[in-house]
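# Fold and geometry: a report
Letter by letter, the chains look like this.
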Amino acid sequence: MHTSELLLSEFDAEMKTTRTTLERVPFDKKDFAPHPKSMPLDKLAPHVAELAGFGVTILTTPELDFSAGSPRTRPPFESDALLKVFDENVTKARSALMNTSDDAWTENWTLSFQGKKIFSGSRFLAYRQMFLNHLVHHRAQLGVYLRLNGKPLPATYGPSADDTMGF
């Protein structure tokens with residue numbers, strides 16, 4: 001079995017849970033942040049929605065310098081826009097995942113800003129650490145925001161107190 005095939009079920013499960021989390025965002029609470037050092041909700045939710053696009057970059061390019069290219073724009077803080085961007089990026093990332101050869105997983109991938117390296121390692125580590133773990137981290141933050149605003153949390157790695165999935 002190819003590496004991409006081994007990663008596919010995990011990718012699909014993480015994307016499903018992330019989409020459910022995004023569906024529950026309280027869009028009337030755009031300025032909410034649980035702490036002054038926390039990102040406000042209207043910045044965190046769009047960041048989560050766009051992260052699958054970062055997975056595409058990792059899977060299809062040898063590097064990314066955040067200072068190069070056109071400035072990135074986040075999707076608007078509204079349900080339809082976030083879900084549309086997320087779904088489009090997930091479709092592209094899933095396709096890129098399935099088209100990544102076993103040899104490509106061991107190739108070097110670099111993330112930098114103005115030439116200063118932030119990350120350099122195998123594409124596999126970039127995919128897991130810089131994309132998938134990063135997405136899970138911010139989705140968990142978003143879960144805290146949901147809980148503090150009385151929104152139900154989706155089941156993630158088992159049932160939540162809100163979504164018991166029949167358990």
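All values reported here derive from a predicted model rather than from experimental measurement.

Core analysis: the largest hydrophobic core is formed by 37 residues, its most contacted members being L22 and Y127. Those elements that provide at least two residues to this core are helix 1 (3–23), helix 2 (41–60), helix 3 (79–98), strand 2 (108–113) and helix 4 (123–148). Among the elements that take part in this core, helix 2 stands out by supplying 11 residues, more than any other. Y127 has contacts with L7, F11, I58, L59, L97, W105 and L132, leaving out every residue within four places of it along the chain.

Inspection of the secondary structure assignment puts H138 in helix 4. Leaving out residues up to four positions away in the same chain, H138 has contacts with M39, L44, H47, V48 and L51.

Here we take up the environment of H2. Structurally, H2 is set in the segment before helix 1. Judged by its relative accessible area of 47%, H2 falls in the partly exposed class. Measuring from C-alpha to C-alpha, the distance between H2 and D103 comes to 10 Å, with 101 residues separating the pair along the chain.

With 20 residues, helix 3 should cover 28 Å at 1.5 Å per step; its first-to-last C-alpha distance of 28 Å lies within 8% of that length. All of the buried residues in helix 3 are A81, L82, L83, F86, N89, V90, A93, A96 and L97.

An order of 1-2-3 is seen for the 3 strands of this open sheet, with the pairing classed as mixed. Across the chains shown, the open sheet's two edge strands, defined by having one partner strand only, are strand 1 (63–65) and strand 3 (116–122). Direction aside, neighbouring strands of the sheet carry axes that sit 5 degrees apart on average. As paired strands, strand 1 and strand 2 are joined by 3 bridges and run parallel to one another. Bridging from a neighbouring strand, D65 pairs with S112 of strand 2. Against the sheet, helix 2 makes contact with strand 1 and strand 2, and its axis sits at roughly 125 degrees relative to strand 2, the strand it touches most. Against the sheet, helix 4 makes contact with strand 2 and strand 3, and its axis sits at roughly 115 degrees relative to strand 3, the strand it touches most.

Criteria and thresholds
- Residues numbered from 1 in each chain as written.
- Predicted model: local features only at pLDDT ≥ 70, side-chain atom pairs only at ≥ 80, totals over all residues.
- Heavy atoms only, no water.
- Core = buried A, V, L, I, M, F, W, Y, C linked by side-chain atoms within 4.5 Å.
- Buried < 20%, exposed > 50% of the residue type's maximum accessible area, 1.4 Å probe, protein only.
- Helix = DSSP H or I, 4+ residues; strand = E, 2+ residues; numbered from the N terminus.
- Contact = heavy atoms within 4.5 Å.
- Expected span 1.5 Å × (residues − 1).
- Pairing = 2+ DSSP bridges.
- Axes fitted to C-alpha atoms, helices over the stretch in contact; angles between N-to-C directions.

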